[in-house]
Amino acid sequence: MENISVKHNPDEQEFTVDIKGSGGELAYSLPQDDVIDFSHTYVDEDLRNQGVANELIKTGLQYAQDHNLKVVASCPAVSAYIRRHPEWQKLLK
């Protein structure tokens, strides 16, 4: 799937996608001023296995890096993504 547009909703503490009425989200919390905890990833069934979760996670990690935040990967999908992409391991708390 190309051109996945991820939106950041800081009031809801989530990154989201909406593709033709289906969606996905990466939820987070900010337990400390310099820490972001990615807690939950969800993608509607019809969008799964198309790279949507990876795009959500990559966008969240880029946000953390841009804002000098340390990452806690409570979500198993985020943890697995970071294991597969070692360039993000430097962000881990």
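Relevant structure appears above.
Here is a short report on the structure shown in this document. (Residues numbered from 1 in each chain as written. Predicted model: local features only at pLDDT ≥ 70, side-chain atom pairs only at ≥ 80, totals over all residues. Heavy atoms only, no water.)

### With respect to the side chain of threonine 16
Quick reminder of the rule: Where helices and strands are cited, they refer to DSSP runs of H or I of at least four residues and of E of at least two residues respectively, numbered from the N terminus. Buried, partly exposed and exposed residues are distinguished by accessible area as a fraction of the type maximum, computed with a 1.4 Å probe on protein chains only: under 20%, between the cut-offs, and over 50%, respectively. As used in this structure description, the phrase polar contact means that two N or O atoms lie within 3.5 Å; if the pair is within protein, one of them must be able to donate a hydrogen and the other to accept it, and residues adjacent in sequence are counted only when both atoms belong to side chains. Throughout, a contact is declared for two residues whenever any of their heavy atoms are within 4.5 Å.
Inspection of the secondary structure puts threonine 16 in strand 2 (residues 14-19). On the basis of relative accessibility, which here comes to 16%, the residue threonine 16 falls in the buried class. A polar atom in the side chain of threonine 16 sits 3.2 Å from the side chain of asparagine 9. Discounting residues that sit within four places of it in the chain, threonine 16 has contacts with Ser5, Val6, Lys7, Asn9, Gly24, Glu25 and Leu56.

### A word on the sheet that holds strand 4 (residues 35-43)
Sheets are built from strands that pair by backbone hydrogen bonding, the pairs being arranged parallel or antiparallel. In plain terms, the rule: For two strands to count as paired, DSSP must find a minimum of two bridges between them. Interaxial angle, 0 to 180 degrees, is taken between N-to-C directions of lines fitted to C-alpha atoms, where a helix line uses only the stretch in contact.
Reading across the sheet, the 5 strands line up as 1-2-3-4-5 and stay open at both edges, with mixed pairing between neighbours. Looking at strand neighbours, the two that pair on one side only are strand 1 (7-9) and strand 5 (70-73), the edges of this open sheet. With direction set aside, neighbouring strand axes in the sheet form an average angle of 30 degrees. Pairing geometry for strand 1 and strand 2, over 3 bridges, is antiparallel. Paired with asparagine 9 across the bridge in strand 2 is glutamate 14. On the sheet, helix 1 (residues 52-66) packs against strand 1, strand 2, strand 3 (22-32), strand 4 and strand 5 and is oriented at approximately 165 degrees with respect to strand 4.

### Concerning the nonpolar core
To keep things clear, this is the line we draw: In plain words, nonpolar cores are sets of buried Ala, Val, Leu, Ile, Met, Phe, Trp, Tyr and Cys residues tied together by side-chain atoms within 4.5 Å.
Membership of the largest hydrophobic core comes to 23 residues, with the highest contact counts inside it found for Ile36, Phe38, Val52, Leu56, Leu61, Val71 and Val78. Taken together, the elements giving at least two residues each to this core come down to strand 2, strand 3, strand 4, helix 1 and helix 2 (76-84). With 5 residues, the single largest contributor to this core is helix 1. The residues contacting leucine 56, other than those within four sequence positions of it, are Val6, Phe15, Thr16, Val17, Gly24, Glu25, Leu26, Tyr42 and Val43.

### Some details on the pairing of strand 3
The sheet contact formed by strand 2 and strand 3 spans 6 bridges and is antiparallel. Paired with threonine 16 across the strands is glutamate 25, a residue of strand 3. In textbook terms, the turn of a hairpin is the stretch between consecutive antiparallel strands, and for strand 2 and strand 3 this stretch comprises 2 residues, one of which, lysine 20, has a positive phi near 50 degrees. Relative to strand 4, strand 3 is paired through 7 bridges, and the arrangement is antiparallel. Opposite alanine 27, over in strand 4, you have histidine 40 as the bridge partner. The hairpin formed by strand 3 and strand 4 contains 2 residues between the paired strands.

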